[in-house]
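# An overview of the molecular structure
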Amino acid sequence: MEEVLFKTEQRQSRAEIADHLRAVADKLEAGEPVTLSSGTESISLEIPSQPTFEVKAEREQEGTSSELSVEFELEWDENDGDGNGSDDAGFEIA
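Cut-off values and rules
Residues numbered from 1 in each chain as written. Predicted model: local features only at pLDDT ≥ 70, side-chain atom pairs only at ≥ 80, totals over all residues. Heavy atoms only, no water. Helix = DSSP H or I, 4+ residues; strand = E, 2+ residues; numbered from the N terminus. Buried < 20%, exposed > 50% of the residue type's maximum accessible area, 1.4 Å probe, protein only. Contact = heavy atoms within 4.5 Å. Areas by Shrake-Rupley, 256 points an atom, 1.4 Å probe, with all protein chains shown as cover. Salt bridge = Lys/Arg side-chain N within 4 Å of Asp/Glu carboxyl O. Polar contact = N/O pair within 3.5 Å; in protein donor to acceptor, adjacent residues only side chain to side chain. Pairing = 2+ DSSP bridges. Phe/Tyr/Trp six-rings, centres within 6.5 Å; stacked < 30°, edge-to-face > 60°.

Summing up its helical and strand segments, the protein chain has 1 helix and 4 strands in all. Buried residues in the protein chain amount to 7% of all 94 residues. The long-range share in the protein chain, meaning contacts at least 24 apart out of those at least 6 apart in sequence, stands at 40%. For the protein chain, the accessible surface area stands at approximately 8600 Å², while carbon and sulfur atoms represent 45% of it.

If you want it as structure tokens, here you go:
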């Protein structure tokens, strides 16, 4: 069963999106909690030192229209304080 703890979706400029991603990257690098907030909703997450990092690009086709997306996901077991991720080969974003 999946429980959504926080969700927001809105059209933003590439620069605004980059600012959000940069803020998350800075918090990750510093080992600080990541706080997500929108309006009155807010959640802080303590991300372990080695979560699993998933990157996915996909195309969703419906009739004659299609939509492209890229997803970045951090995942860890809530009961595993160290968040040991998978040992798959690394990748690079260029």
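Once that is clear, we can look at the pattern of salt bridges. One pass over the full model with this rule turns up 3 salt bridges. Salt-bridge contacts for Asp19 lead to Arg22; the nearest nitrogen and oxygen are separated by 3.1 Å. Here Asp19 pairs with Arg22, and both are found in helix H1 (residues 14-30), just 3 residues apart, close to one helical turn. In this structure Asp19 comes out as partly exposed when scored by relative accessible area, which is 47%. The class of Arg22 is partly exposed, set by a relative accessible area of 48%. With a closest N to O distance of 3.8 Å, Glu71 and Lys56 form a salt bridge. Remark: Lys56 occurs in strand S3 (residues 52-62) and Glu71 occurs in strand S4 (residues 65-75); sequence separation between them is 15 residues.

With that out of the way, let us pick up the environment of Glu78. Note that Glu78 resides in the segment after S4. By relative accessible area, which is 77% here, Glu78 ends up exposed. Remark: the alpha-carbon pair of Glu78 and Glu46, spanning 32 residues in sequence, is separated by 9.9 Å.

The subject of this paragraph is the environment of Ser44. Along the chain, Ser44 turns up in strand S2 (residues 41-45). The sequence separation of Ser44 and Val34 amounts to 10 residues, and the corresponding C-alpha distance is 5.5 Å. Non-local contacts of Ser44, meaning those with residues more than four positions away in its chain, are made with Val34 and Thr35. One polar contact links Ser44 to Thr35, side chain to side chain, over a distance of 2.5 Å.

Taken together, the 11 bridges between S3 and S4 define a ladder with antiparallel strand orientation. Bridged to Glu62 within S4 is Ser65. Where S3 folds back onto S4 in an antiparallel hairpin, the turn is made up of 2 residues, including Gly63, whose phi is positive at roughly 65°.

Looking now at the packing of aromatic side chains. Scanning all chains against the criterion turns up 1 aromatic pair. Between Phe53 and Phe72, the ring centres sit 6.5 Å apart and the planes meet at 15°, which makes this aromatic pair stacked. Of this pair, Phe53 sits in strand S3 while Phe72 sits in strand S4, and the two are 19 residues apart along the sequence. For Phe53, a relative accessible area of 40% corresponds to the partly exposed category. Taking the relative accessible area as the measure of exposure, Phe72 reaches 43% and is therefore partly exposed.

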